[in-house]
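# Structural overview for review
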Amino acid sequence: MTKDRGAPPSVWVVSDGRAGIENQGLGLAEAMGRERPIDLSVKRIGWKGALGRLPWWLHPLPRQTLAPGSDIAPPWPDIWIAVGRATLPLSMRMRRWTRGRTMVVQLQDPRMPTGPFDLVIPPRHDRMKGENVLPILGSPHRVTAERLAADYARFEDQLAPLPRPRVAVLIGGKSKAFNLSPERAAEMAREIETAVAAAGGSVLVTFSRRTPEAAKAILASRLRHLPGIVWDGEGDNPYFAFLAAADYVLVTEESTNMTTEAASTGKPVFVLKMEGESLKFRLYHDELRELGAARPFAGRFEDWTYQPLDETGRAAREVLRRFDARSGVG
């Protein structure tokens, strides 16, 4: 099939709608859109009852068991970008439904054979291999210099007067491999408080939805007396403005998304130790350290430079290259 050069490819980003999941797909699609025009649509799926918790192989008729409002129907897109376990029953059938016309791109490790997909884009630390596998360092994201500048402008009145160095503190939370107990939160607060006070700087603190309430309360109370902002979750989220304003970024080790976003700024990134261990995450952080992007936080701030991480852009260019090859363009 020959693709008309004058028609932008239609691209669907498909997920269960959770921000951390959906933003990976949007980040990849938006990076593709910076390379050339695309026609982007966002699709959010849900499953009736408890079907969403079932393994992918237990969905014999997936389109019939979608929840109302899940707009997954023809006309099908040129490129399907799906992310998250909930999309697998649909992704694995998309090429059959479209007779191979739709290019199926699956983000993250699907934990199933990769044959049904045209391209799988997992984190490199998942150690997947294959002709249709493109491992990347970290995860796709939506951070760009333009977005950071625009969000900084929205919060400039609050951020500009803060003393430097400004330290963005990005706190995640409990995961399969890691935990943030009240005890570790208190230690972490003390480490951050001591370093920022010694440097005469300010803090820009934000929490994720996964941050345990007890840990959040401890960190907020211990850091609130410092110059800066501890975002309480109310009003507009200043996350990207914090990244733009920061001289240094502290980020908890369990969050691939936040660490990758921080490393895309080119600013020194310090990794905050959590409770727990993970070989996959150790490999990930080792590679970030080898690239010069991140170091373990040792209670003090250091300056260095590195080439900002742009794995999202690399993945976007590869998707378009493969799309052109299969469409007979070029």
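So, a few notes on the structure that sits alongside this text. (Residues numbered from 1 in each chain as written. Predicted model: local features only at pLDDT ≥ 70, side-chain atom pairs only at ≥ 80, totals over all residues. Heavy atoms only, no water.)

This brings us to the environment of Ile21. Its place among the elements puts Ile21 in helix α1 (residues 19–35). By relative accessible area, which is 14% here, Ile21 ends up buried. Distance in space between the C-alpha atoms of Ile21 and Ala185 is 26 Å, their sequence separation being 164 residues. In this view, Ile21 contacts Ser15, Asp16, Val83, Gly84 and Gln108; residues no more than four positions away in its chain are not counted. (Helix = DSSP H or I, 4+ residues; strand = E, 2+ residues; numbered from the N terminus. Buried < 20%, exposed > 50% of the residue type's maximum accessible area, 1.4 Å probe, protein only. Contact = heavy atoms within 4.5 Å.)

Take the sheet that holds strand β4 (residues 103–107) next. Taken together, five strands build an open sheet; the order of strands is β2-β1-β3-β4-β5 and the sheet is parallel. Of all strands in the sheet, those bounded by a partner on one side alone are β2 (39–44) and β5 (119–121). On average, each strand axis in the sheet is tilted by 20° relative to the strand beside it, whichever way the strands run. As paired elements, strand β3 (residues 79–83) and β4 share five bridges and run parallel to each other. Within β4, the residue paired with Ala82 across the bridge is Gln106. Sheet contacts for helix α2 (residues 88–97): β3 and β4; angle to β4, the most-contacted strand, approximately 155°. Packed on one face of the sheet, helix α9 (residues 311–327) meets β3, β4 and β5 and runs near 160° to β4. (Pairing = 2+ DSSP bridges. Axes fitted to C-alpha atoms, helices over the stretch in contact; angles between N-to-C directions.)

The contact between helix α4 (residues 182–199) and helix α5 (residues 213–223) brings their axes to 9 Å, and the two run at 25°. Taken together, α4 and α5 sit at an angle that is classed as roughly parallel. The handedness of the crossing between α4 and α5 comes out as right-handed. Between α4 and α5, the contacting residues are Pro182, Ala185, Ala186, Met188, Ala189, Arg190, Ile192 and Glu193 on the first element and Ala214, Ala215, Ile218, Leu219, Arg222 and Leu223 on the second. When grouped by side-chain class, the residues that make up the contact of α4 with α5 number 11 nonpolar, no polar and three charged. (Parallel < 35°, antiparallel > 145°, perpendicular 65-115°, else oblique. Left-handed = near helix turned anticlockwise from the far one by under 90°. Nonpolar A, V, L, I, M, F, W, Y, C, P; charged D, E, K, R; others polar.)

With that out of the way, let us pick up α4. With 18 residues, α4 ought to run about 26 Å at 1.5 Å a step, and its terminal C-alpha atoms sit 26 Å apart, in line with that. Along α4, the residues classified as buried are Arg184, Ala185, Met188, Ala189, Ile192, Glu193, Ala195 and Val196. On its buried face, α4 is in contact with β6 (166–171), β8 (202–207), α5, β10 (248–252), β11 (269–272) and β12 (275–276). Of the residues trailing α4, Gly200 is marked for its positive phi of about 70°. (Expected span 1.5 Å × (residues − 1).)

Looking now at the pairing of β4. Along β4, five of the five residues are buried, which leaves the element largely enclosed by surrounding structure. The side-chain alternation of β4 yields two buried faces, one formed by Met103, Val105 and Leu107 and the other by Val104 and Gln106. Following the chain from β3 across α2 to the adjacent parallel β4, one finds a crossover that is right-handed. In this structure, β4 lies alongside β5, joined through three bridges in parallel fashion. Bridged to Gln106 within β5 is Val120. (Right-handed = clockwise from strand over helix to strand, strands pointing away.)

Taken together, six strands build an open sheet; the order of strands is β9-β8-β6-β10-β11-β13 and the sheet is parallel. Whereas interior strands pair on both sides, the edge strands pair on one side only; in this sheet they are β9 (228–230) and β13 (294–296). Here the average twist between neighbouring strands, direction ignored, is 20°. Contacting β6, β10 and β11, helix α7 (residues 256–263) runs over the sheet at an angle of about 165° to β10.

Counted by the stated rule, this structure contains 27 salt bridges. A salt bridge links Arg184 to Glu191, with the nearest nitrogen and oxygen atoms 3.3 Å apart. Relative accessible area serves as the criterion here: at 7%, Arg184 is assigned to the buried category. One network of salt bridges, in which partners are shared, links Arg124, Glu287, Glu311 and Arg314. (Salt bridge = Lys/Arg side-chain N within 4 Å of Asp/Glu carboxyl O.)

Going through the model one piece at a time under the given rule, you end up with 11 aromatic pairs. Between Phe178 and Phe281, the ring centres sit 5.5 Å apart and the planes meet at 80°, which makes this aromatic pair edge-to-face. Residue Phe178 is located in strand β7 (residues 178–179), and its partner Phe281 is located in helix α8 (residues 279–290); the two are separated by 103 residues in the primary sequence. Seen from their ring centres, Tyr248 and Phe270 are 6.0 Å apart, and the 70° between their planes marks the pair as edge-to-face. You can see Tyr248 sitting in strand β10 and its partner Phe270 sitting in strand β11, a full 22 residues away along the chain. In this pair, the class of Tyr248 matches that of Phe270, namely buried. An aromatic cluster is present here, built from Tyr248, Phe270, Phe297, Phe301 and Trp304 joined pairwise through their rings. Its end group placed over the ring of Trp97, Arg63 keeps NZ or CZ at 5.4 Å from the ring centre. Cation over ring: Arg295 sits above Trp304, and NZ or CZ is 3.8 Å from the ring centre. (Phe/Tyr/Trp six-rings, centres within 6.5 Å; stacked < 30°, edge-to-face > 60°. Lys NZ or Arg CZ within 6 Å of the ring centre and 35° of its normal.)

Remember, this is a structural readout, not a statement about activity or role.
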